[in-house]
Structures are given as C-alpha cells and as structure tokens.
Amino acid sequence: MTAAESAVALLGDPAVAAAWDKPSALTEFSVAGLAGHLAHQLVRVDRLLAAGPTPGTEPIGLLEHYARSPWVEAGLDHEINVGIRRAGEESASAGPAALAAATAELLEHQRATLPAEPGDRVLDLPSGWSLLLDDFLLTRVIELVVHSDDLATSVGVGTPALPSTVVDPVVDLLARLAVHRHGATAVIRTLSRTERAPATISAF
C-alpha cells in the first residue's frame, strides 16, 4: 500500500491542481490526464477484486503478460495509447479535488480489504488472460512509481521517496523486462560500459 499512499498524497499536492490544464512531462498527456491515469491504477485494483474468477483459469507470468500487452511497443498514435490518454482525461474530468478525494477513498477501502485476499488468487484481466493477485499488484506498483515520477516532474515537485521494499521489486521487474526486450548484453553494457551502451534499454 506504500506506493498507493504516496500516489494519493501526490494527487492532493496543490502543485498538481495549479498545473491541471498544462501539458505534462509525457507527450500528449495533460497534467489532468496523467493524474487521472495515475489514480486509475487504484480503480483497476478495485474492479478486479470485485469480479469473480473464472473456474479453471490458468494465470500467466509477468514477462508473458507484458509480451502480450500491445501498448508496450505501440506508438503514441496507436488506438490503445490514444484510449489510455482519453481514459485518463475522463478519470480527471471532475477536477483535481474530486479526483484526489475519490482516490483517497479507494485507498482506504483497499487498505481494509486487500490484507484478507490471498496472493495466489487468480484475477481475470479484461485483456483476456489471467494473473495472480500478487503479480497484478506488482504491475500496479510499477505504474504508480513510474507515473508518480512523471506527475511530480510535470508539476515541479520532487519525486516521492519510496522505501526499498517498494523500489527493489520495481527495479527487478523493469530490469527483467529490459533483458527480455533488448537482450542481456545490451542491459549489461548500459549498466557497466557507457562507451558500448545502446541508445536505450527501456523496458517499455
């Protein structure tokens, strides 16, 4: 819950409201749309927890999940990324105060309900496959950590500091995704040999 608590606090920062209608640090995203996208990560958790599982569904692993997700390598103008930006704007349509309050309410609800959920519960995603609850929550933590940095940068405040218990799993999965996408040599060179480093090892 630490990443969610940090994100909720950031959404309530006056700097976010002050920059609401301005462009964000992410191409084609306004600050409002980016804030809405950040908040939507908690909405997704709530919706999936409320849905019943499909009996006999086999979950896939996280590397396979990202390999199947079309947004990972889609361009900015691809319909899926256009849809993500549109959904962010819709989530933020009631304004910064309403978004912050609604997200804080979701956080309190999940703080009360998540501890009772088994980590190996299978969640059926709208994309057509399933993940274990623990794996799905890690995908949301990555979204919260990455987009909190985006939003903080966009409004001129410091990126929220998070403990190693949050950061380490995020860095580990991002590194594994980078290796899966670019190969081990590219990642190793980037981390150890700048003179032979490729242009990017971005996980997404």
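Details of the structure are given in the entry above.
Described below are features of the structure shown in this document.

### As for the layout of surface pockets
Link 1 in the chain: Quantified by volume, the largest pocket comes out at close to 1100 Å³.
Link 2 in the chain: Lining the largest pocket are 37 residues, with H37, W71, N81, I84 and E143 positioned closest to its centre.
Link 3 in the chain: For the lining of the largest pocket, the secondary structure elements donating two or more residues are helix 3 (31-50), helix 4 (62-68), helix 5 (79-91) and helix 7 (133-155).
Link 4 in the chain: At seven residues, helix 7 tops the list of elements feeding residues into the lining of the largest pocket.
Link 5 in the chain: Looking at the lining of the largest pocket residue by residue, the class counts come to 19 nonpolar, 11 polar and seven charged.

### Observations concerning helix 1 (residues 2-11)
Link 1 in the chain: In terms of residue burial, helix 1 counts as a mostly covered element, since seven of its 10 residues are buried.
Link 2 in the chain: Along helix 1, the residues classified as buried are A3, A4, S6, A7, V8, L10 and L11.
Link 3 in the chain: Among the structural elements, helix 2 (14-18), helix 3, helix 6 (96-113), helix 7 and helix 8 (164-182) are those in contact with the buried residues of helix 1.

### With respect to helix 6
Link 1 in the chain: In this model, helix 6 (18 residues) spans 26 Å end to end at C-alpha, consistent with the 26 Å of a helix rising 1.5 Å per residue.
Link 2 in the chain: Among the residues of helix 6, those classed as buried are L99, A100, T103, L106, L107 and Q110. End-on, the buried residues of helix 6 take up no more than an arc of 125°, which puts them together on one face. Turned more than 90 degrees off the buried face of helix 6, the exposed positions are A97, E105 and A112.
Link 3 in the chain: Turning to helix 6, the residues buried within the fold contact helix 1, helix 3 and helix 5.

### Here's the deal with the nonpolar core
Link 1 in the chain: By size, the foremost hydrophobic cluster in this structure holds 49 residues, and its most contacted members are L11 and L151.
Link 2 in the chain: Listing elements by their share of this core, those giving two or more residues are helix 1, helix 2, helix 3, helix 4, helix 6, helix 7 and helix 8.
Link 3 in the chain: With near-sequence residues (within four places) excluded, L151 lies in contact with L10, L11, V16, V31, L34, A35 and L38.

### A few points about the packing of helix 1 against helix 6
Link 1 in the chain: Following both chains from N to C, one finds helix 1 and helix 6 inclined at 160°, their axes separated by 9 Å at the closest point. One element, helix 1, and the other, helix 6, form an angle in the roughly antiparallel class. For the element pair helix 1 and helix 6, the recorded crossing hand is left-handed. Between helix 1 and helix 6, the residues in contact are A4, E5, V8 and L11 and L99, A100, T103, A104, L107 and R111, respectively.
Link 2 in the chain: Of the residues assigned to the contact of helix 1 with helix 6, the class counts are seven nonpolar, one polar and two charged.

What counts, and where the lines are drawn
Residues numbered from 1 in each chain as written. Predicted model: local features only at pLDDT ≥ 70, side-chain atom pairs only at ≥ 80, totals over all residues. Heavy atoms only, no water. 1 Å grid on protein atoms, 1.4 Å probe; cavity = no way out; pocket = protein on both sides within 12 Å on 5 of 7 lines; lining within 4 Å. Points joined across faces, edges and corners; volume = space filled by probe spheres on them. Helix = DSSP H or I, 4+ residues; strand = E, 2+ residues; numbered from the N terminus. Nonpolar A, V, L, I, M, F, W, Y, C, P; charged D, E, K, R; others polar. Buried < 20%, exposed > 50% of the residue type's maximum accessible area, 1.4 Å probe, protein only. Contact = heavy atoms within 4.5 Å. Expected span 1.5 Å × (residues − 1). Arc of directions from axis to C-beta. Core = buried A, V, L, I, M, F, W, Y, C linked by side-chain atoms within 4.5 Å. Axes fitted to C-alpha atoms, helices over the stretch in contact; angles between N-to-C directions. Parallel < 35°, antiparallel > 145°, perpendicular 65-115°, else oblique. Left-handed = near helix turned anticlockwise from the far one by under 90°.

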